[in-house]
Structure formats: C-alpha cells, structure tokens
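Reading the structure
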Amino acid sequence: MSRSGSFHPATAGGVRTQLATLADGRAIRYRRMGDGQGTPIVMVHGFGGELLTWAANQVPLSARHPVLALDLPGHGGSSQDLGAGGVPGLADALLAFLDAVGIGRAHLVGHSLGGAVVLQAALSRPGTTVSLTLVASGGLGEEADTGFIDRLLAADDPAALAAALRPLYADPGLVTPALGELVLMALRGPGVRQTLRRLADQCFSPGRQRLVLRDRLAELAAPVQVLWGTADAILPVAHARGLPPVVVVHLLPGQGHMLPIEAATEVNSRIEEIVATG
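The following refers to the structure shown. This is a predicted model, so every value here is computed, not measured.

Quick notes on the rules
- Residues numbered from 1 in each chain as written.
- Predicted model: local features only at pLDDT ≥ 70, side-chain atom pairs only at ≥ 80, totals over all residues.
- Heavy atoms only, no water.
- Core = buried A, V, L, I, M, F, W, Y, C linked by side-chain atoms within 4.5 Å.
- Buried < 20%, exposed > 50% of the residue type's maximum accessible area, 1.4 Å probe, protein only.
- Helix = DSSP H or I, 4+ residues; strand = E, 2+ residues; numbered from the N terminus.
- Contact = heavy atoms within 4.5 Å.
- Expected span 1.5 Å × (residues − 1).
- Axes fitted to C-alpha atoms, helices over the stretch in contact; angles between N-to-C directions.
- Parallel < 35°, antiparallel > 145°, perpendicular 65-115°, else oblique.
- Nonpolar A, V, L, I, M, F, W, Y, C, P; charged D, E, K, R; others polar.
- Pairing = 2+ DSSP bridges.
- Polar contact = N/O pair within 3.5 Å; in protein donor to acceptor, adjacent residues only side chain to side chain.
- Salt bridge = Lys/Arg side-chain N within 4 Å of Asp/Glu carboxyl O.

Describing the nonpolar core
Residues Val 42, Phe 97, Leu 119, Leu 132, Leu 134 and Leu 217 are the most contacted members of the largest nonpolar core, which totals 71 residues. With 10 residues, helix H2 (residues 86-100) is the single largest residue contributor to this core. If we skip the residues at most four places from it in the chain, Leu 132 touches Leu 108, Val 118, Leu 119, Ala 122, Leu 220, Pro 223, Val 224, Gln 225 and Ile 274. Judged by nonpolar contacts, the second largest core, of 16 residues, contains Met 43, Val 67, Val 109 and Ala 263.

Next up, the structure:
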C-alpha cells in the first residue's frame, strides 16, 4: 500500500498535517505527534468532527507515546468519498489507513460515531487492537438524539449553529462564536453537507442508531474501557450500563457528550492507564 509524506497546513489553528493515500486512492488527513517507539495511539472523532477534536488529548499524550488523530472520510481534509459507507465502511477506511501508514497494532480511541468505528475495526481485525477506549460511544445502544444532526446540517448562520452545538456540552460557555465560525466554515465546503447527510442516513434512522455492537464486546481479547458523561444529551449514559464484566466503565458526573474537550484531563488519564495495561 502506498504512503504519503506530503504536508499541508490544516484549516484551523495552524496545525501541520499529513495525507495518507489508501489503496483505493482516497486521501486521509492525519496529524502524528510524539517521537516514541511504542505502540501508537490512534484517535477517531465523531460525526461532523475532525482531528482537532483531540487537540487537548493528543498533545499531552504524545509526550510519552506516538499519537495519531485522523479525519474520517467525509470530514475535515479527508476524501469526500465514503466508500462502502456506514460504520462498516468507515471502519474499513480506518484499517486501510493503518495499513497505509505502516501501523500493524494500535491502541484505538473513538468518540461518539468514532467509537462505533473503532469497535467495528477491532471486531473486523482483532489482532490490530492492543486496547480499546470508547468515549461516549456509538454502537452500544439504539437510542440517539439524531435531531442534533438535522439541526447541525440545517444551520446556516452562527446563531443557529450555536443552538445546534449547545446540547453537546455540559458547559454552554464552551460554545463560543469562534467555534461556531469554525464549524460553519467547514460545513460550507463543497459537498460537505450532502456527504454528511448521506453518512447520517447510512448510520442512523430517526432517534436510532442502525448498528448496535454491544453484544459483541465479549469477543474482544484486548482490554476495553468505556467513558461516559452522566449528563450526555446526545447518546444516553444508559448505554454504558449492563456491559460485559470484561469492560471497564468510567462514568463522569455532570459531564456532557464532548468529553475529549470538557473532561480532557480525565480522558487522558484513563487512556494512559489502559495503554499501560495493554
């Protein structure tokens, strides 16, 4: 499989990123940090997000580990081609990305839809996963506030976008005008809303996730942990309950859906713990 060593500036924050070319020709944007030689940590964002979702996690974790954060197909600076689509298609793209950058084994971390993606990838190719961290994860229950997606994709001014984003956070003060402008700029890219709408229809029906994988967690040999905010308004915290005993569950009181941002210190600590175990 081909690799890319080309660099280009990211659209926000002056972040320097790379492009990996998959075997099918699609480009995946990613940022690699950390010079360590250990098993890499690979971080996958949720619906409508991008690699900067992990900015508060990737930087501190990279002090001890190589850490990669990527844009899923249809997001950020990656190809708009969703491939087979849905969670299985995104999981295939993740595995193809690991092949393209020469990673045989990794600690996988996924948030929201990205949680379902890394879980599906771990089930599809078990030997790849050294540990699995699912943060407010999709794929662990049917219920979801899919109205959030509808509001996000319909928003075309900063006020409407702020209203759409607010339920993601326990602290509404984090929904700043700068955040709104950044997300609005991304949504206005060529074909972005149409691609995200197509992906949403592949992954969700009204109020429901189409793919639920919780009954397959016991198949995994690698250590698995689940992190969830008790005030999550997008995916209910009930999905973190009643999981197989091999899954370690950490509930974060009063936290919302965006744990990588709002509870970065706790998330980083838990990732460090499972990486040491794995």
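Here's the deal with H2
Compared with the 21 Å implied by 1.5 Å per residue over 15 residues, the 21 Å span of H2 between its first and last C-alpha is a close match. In terms of burial, H2 is largely enclosed, as 12 of its 15 residues are buried. Where H2 is concerned, the buried positions are Gly 86, Val 87, Gly 89, Leu 90, Ala 91, Ala 93, Leu 94, Leu 95, Ala 96, Phe 97, Leu 98 and Ala 100. Where the residues of H2 are buried, they touch strand S2 (16-21), strand S3 (27-33), strand S4 (41-44), strand S5 (67-70), helix H3 (113-124) and helix H7 (192-203).

Describing the packing of helix H4 (residues 147-154) against H7
The interhelical angle for the contact between H4 and H7, taken along N-to-C directions, is 170°, at an axis separation of 10 Å. If you check the angle between H4 and H7, you find them roughly antiparallel. In this structure, H4 contributes Ile 149, Asp 150, Leu 152, Leu 153 and Ala 154 to the contact, and H7 contributes Arg 193, Leu 196, Arg 197 and Ala 200. Partitioned by chemical class, the residues of the contact of H4 with H7 number six nonpolar, no polar and three charged.

Remarks on the pairing of S2
Within a regular beta strand, the side chains point alternately toward one face of the sheet and then the other, so they alternate between its two faces. Two strands pair when backbone bridges link them, and S2 and S3 are joined in this way by four bridges, in the antiparallel orientation. Paired with Thr 21 across the strands is Ala 27, a residue of S3. Between the antiparallel neighbours S2 and S3 lie five residues, among them Gly 25 with a positive phi of about 95°.

Details of the side chain of His 250
Mapped onto the elements, His 250 comes out in strand S11 (residues 247-252). Classification of His 250 by relative accessible area gives buried; the value is 13%. Side-chain polar atoms of His 250 contact the side chain of Arg 270, separated by 3.4 Å.

Some remarks on the pattern of salt bridges
Any two side chains of opposite charge can pair if their charged atoms end up close together. Tallying each qualifying case throughout the model produces 13 salt bridges. Asp 145 is paired through a salt bridge with Arg 151; the nearest N and O atoms lie 3.1 Å apart. A relative accessible area of 24% places Asp 145 in the partly exposed class. Linking Glu 266 and Arg 270 is a salt bridge whose minimum nitrogen-to-oxygen distance equals 3.1 Å. With Glu 266 and Arg 270 both in helix H9 (residues 264-277) and four residues apart, this pair spans about one turn of that helix. You can call Arg 270 partly exposed: its relative accessible area is 21%. Each member of the salt-bridge network shares a partner with another, and the members are Arg 29, Glu 50 and Asp 71.

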